[in-house]
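Analysis of the macromolecular model
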Amino acid sequence: MHSQSRRGLLKTTAGVGLACLAKAARSAPAEVASEPLFNLQAIIKEPVRIKSLQMLRLGEEHVVRATSTSGAIGYAVTNQHAGYLPPLFHQRVVPAFLGRDARDIEALIDGAYVHSSNYKLAGLPLWCCISYAEFAVLDMLGRIASMPVGVLLGGKPLRTEVPMYLSSTDRESTPEEEVALFESALEKTGVKAVKYKVGGRMSGNADASAGRSETLIALIRKRLGDKITYYADANGSFDARKGIEVGRQLEAHGVAIYEEPCPFEDYASTQKVTRALKKVMVAGGEQDHSWYRFQEVVKNRVLDMVQPDLSYNGGFVRTVRVARLAARAKLPISPHCPQFSTMLYTLHLASFTPNMGAFQEFHVRRVGQAPWYAPDLQLHNGALKIPSAPGLGLAIDESSLKKAVLV
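Predicted, not measured: the structure shown is a model, and the values here were computed from it. (Residues numbered from 1 in each chain as written. Predicted model: local features only at pLDDT ≥ 70, side-chain atom pairs only at ≥ 80, totals over all residues. Heavy atoms only, no water.)

1. Some words on the overall build of the chain
Tallying secondary structure elements over the chain gives twelve helices and twelve strands in all. Relative to the 2.2 N^0.38 estimate, which gives 22 Å for 407 residues, the radius of gyration of the chain is 21 Å and therefore close to what a compact globule would have. Principal axes of the C-alpha set define a box for the chain whose edges measure 60 × 45 × 40 Å. Relative to its 407 residues, the chain shows a buried fraction of 58%. (Helix = DSSP H or I, 4+ residues; strand = E, 2+ residues; numbered from the N terminus. Rg over C-alpha atoms; globule rule 2.2 N^0.38 Å. Buried < 20%, exposed > 50% of the residue type's maximum accessible area, 1.4 Å probe, protein only.)

See the structure below:
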């Protein structure tokens, strides 16, 4: 890894690019042309009218249920932000879907953005709410079609399992504690890549504790060895000068990917880091939700790898647009997915997206756990199997929802 250039790594990671940038629905932003990404009408012949979208609280979890006028049902699990978003979901997003044909999912997503001037509320809360609705609707359509969402959207799968990297979100631990955690998890899972934290998170060049990053960068390579692929995540900790300085340290220790060296909105500083480093790929995009900003990032080569979060970015439709935009520029994507919910959606995306990065995210502290709604999300030989059940592959039954409360 020390001698491999970033250009060579890009070629290896991105794989074959998609044939062309797919075109989105007629109501999409002006830069997206008018032909659709998907042809769901060819799979599901009759209209599927959306009767209701409900958010349910079950303990600490939130689930969205979509119901059609004919009685078909679909579910989606949400991310960690759902607890404070019900008013936005019910008042501003749900009305854009009711009575509409679920097969027109692209137009529904674009329509929800402009419905009641929702674009004035644009940001992660709005796009999370839109994604919850989209996920539930797609689960319903997949169940109707008796096929996984990945097959519904992308046809014959390109892959049946996805290699994962173990990520840590902890900056309170010592370098020794972090390395010990990874050592134990690697032994249990067979995973071949890890991501650790450097810097202090949007910290203005401050480290989480004195000398932590420098010590961890050297120690983890020494202890885990040369057969592991290394990623480092700064969460916007540095300005360009410091970002490049830390990047040089990462290059010296064979790190493959350097995530969010600078504040995520500071494209100019991030671009300086990207251009200065030759042996490490600079990644980012998890906080972004604007089609126009993703265009700017790709066109100006602000990043070497794009990392949209399927919830933060509004769901499958908008993330596929970003993936295909990146593919035209021969850039890989690696969605941000530290939670089980977004991990599940990333697996379906990976089933039909050629330019996925070599590894996708699995939180190291979730090793050995399985969510109540998706028991198959467990690592085997370093990978997760892509769900093959109809819809999203959620194991949610009506009896388990009897305890749920409408919110």
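Resuming the write-up.
2. Comments concerning helix H8 (residues 240-252)
In this model, H8 (13 residues) spans 18 Å end to end at C-alpha, consistent with the 18 Å of a helix rising 1.5 Å per residue. Among the residues of H8, those classed as buried are Ala240, Gly243, Val246, Gly247, Leu250 and Glu251. Projection of H8 onto a plane perpendicular to its axis shows the buried side chains occupying an angular sector of 150°, all on one side. Lining the buried residues of H8 we find strand E5 (193-197), helix H7 (212-224), strand E6 (229-233), strand E7 (257-259) and helix H9 (267-276). With a side-chain oxygen lying 3.3 Å from the backbone nitrogen of Arg241, the N-terminal cap of H8 falls on Asp239. At the exit of H8 stands Gly254, carrying a positive phi of roughly 70°. (Expected span 1.5 Å × (residues − 1). Arc of directions from axis to C-beta. Contact = heavy atoms within 4.5 Å. Polar contact = N/O pair within 3.5 Å; in protein donor to acceptor, adjacent residues only side chain to side chain.)

3. Regarding the packing of helix H3 (residues 105-114) against helix H4 (residues 124-145)
At a closest axis distance of 11 Å, the pairing of H3 and H4 adopts a crossing angle of 160°. When the interaxial angle is binned, H3 and H4 end up roughly antiparallel. You can see that H3 and H4 cross each other, and the crossing is right-handed. Between H3 and H4, the residues in contact are Ile105, Ile109, Ala112 and Tyr113 and Leu126, Trp127, Ile130, Glu134, Val137 and Leu138, respectively. Taken together, the residues of the contact of H3 with H4 sort by class into nine nonpolar, no polar and one charged. (Axes fitted to C-alpha atoms, helices over the stretch in contact; angles between N-to-C directions. Parallel < 35°, antiparallel > 145°, perpendicular 65-115°, else oblique. Left-handed = near helix turned anticlockwise from the far one by under 90°. Nonpolar A, V, L, I, M, F, W, Y, C, P; charged D, E, K, R; others polar.)

4. A closer look at the nonpolar core
By size, the foremost hydrophobic cluster in this structure holds 119 residues, and its most contacted members are Leu53, Phe97, Leu166, Tyr196 and Phe316. At 14 residues, the largest contribution of residues to this core is made by H4. (Core = buried A, V, L, I, M, F, W, Y, C linked by side-chain atoms within 4.5 Å.)

5. Concerning the side chain of Arg171
Relative to the elements of secondary structure, Arg171 occurs in the loop between strand E4 (161-167) and helix H6 (175-189). No salt bridge forms around the buried Arg171; measuring N to O, its nearest opposite-charge neighbour Asp233 is 5.1 Å away. Among the polar contacts made by the side chain of Arg171, one reaches the main-chain carbonyl oxygen of Ala234 at a distance of 3.3 Å. Not counting the four nearest positions on each side in its chain, Arg171 is found in contact with Lys197, Val198, Gly199, Gly200, Arg201, Ala208, Arg212, Asp233, Ala234, Asn235 and Ser237. (Lys, Arg positive; Asp, Glu negative; His and termini not counted. Salt bridge = Lys/Arg side-chain N within 4 Å of Asp/Glu carboxyl O.)

6. Examining the packing of aromatic side chains
Going through the model one piece at a time under the given rule, you end up with eight aromatic pairs. Pairing Phe135 with Tyr345 gives two aromatic rings, centres 3.8 Å apart and planes at 25°, and the pair type is stacked. Of this pair, Phe135 sits in helix H4 while Tyr345 is found in helix H12 (residues 340-350), placing the two residues 210 residues apart along the sequence. Where Phe316 meets Tyr345, the ring centres are 6.3 Å apart and the plane angle is 75°; that geometry is what we call edge-to-face. In this pair, Phe316 sits in helix H11 (residues 316-328) while Tyr345 sits in helix H12, placing the two residues 29 residues apart along the sequence. Of the two residues examined, Phe316 and Tyr345, each falls in the buried class. These aromatic residues form a ring-pair network of at least three members: Tyr113, Tyr119 and Trp127. Cation over ring: Arg318 sits above Trp127, and NZ or CZ is 3.7 Å from the ring centre. (Phe/Tyr/Trp six-rings, centres within 6.5 Å; stacked < 30°, edge-to-face > 60°. Lys NZ or Arg CZ within 6 Å of the ring centre and 35° of its normal.)

7. Side note on the confidence of the model for the chain
Looking at the chain as a whole, the pLDDT averages 92, with 91% of positions reaching at least 70. Predicted confidence is poor over residues 11-28, with pLDDT under 50, and the contacts of this stretch with residues over four places away or in other chains come to 54 contacts. (pLDDT = per-residue confidence, 0-100.)

8. Remarks on helix H2 (residues 86-93)
Quick reminder: α-helices carry 3.6 residues per turn. Residues three or four places apart thus point the same way. All of the buried residues along H2 are Pro86, Leu88, Phe89 and Val93. Buried residues belonging to H2 abut strand E1 (50-58), strand E2 (61-68) and H4.

9. Considerations on the sheet that holds E1
Strand order in the open sheet formed by four strands is E3-E2-E1-E12, with antiparallel pairing between adjacent strands. In this open sheet, the two edge strands, each paired with only one partner strand, are strand E3 (73-77) and strand E12 (405-406). Both E1 and E2 contribute to a ladder of eight bridges, which runs antiparallel. Residue pairing for E2: Leu56 is matched across the bridge by Val63. Against the sheet, H2 contacts E1 and E2, and its axis sits at roughly 175° relative to E1. (Pairing = 2+ DSSP bridges.)

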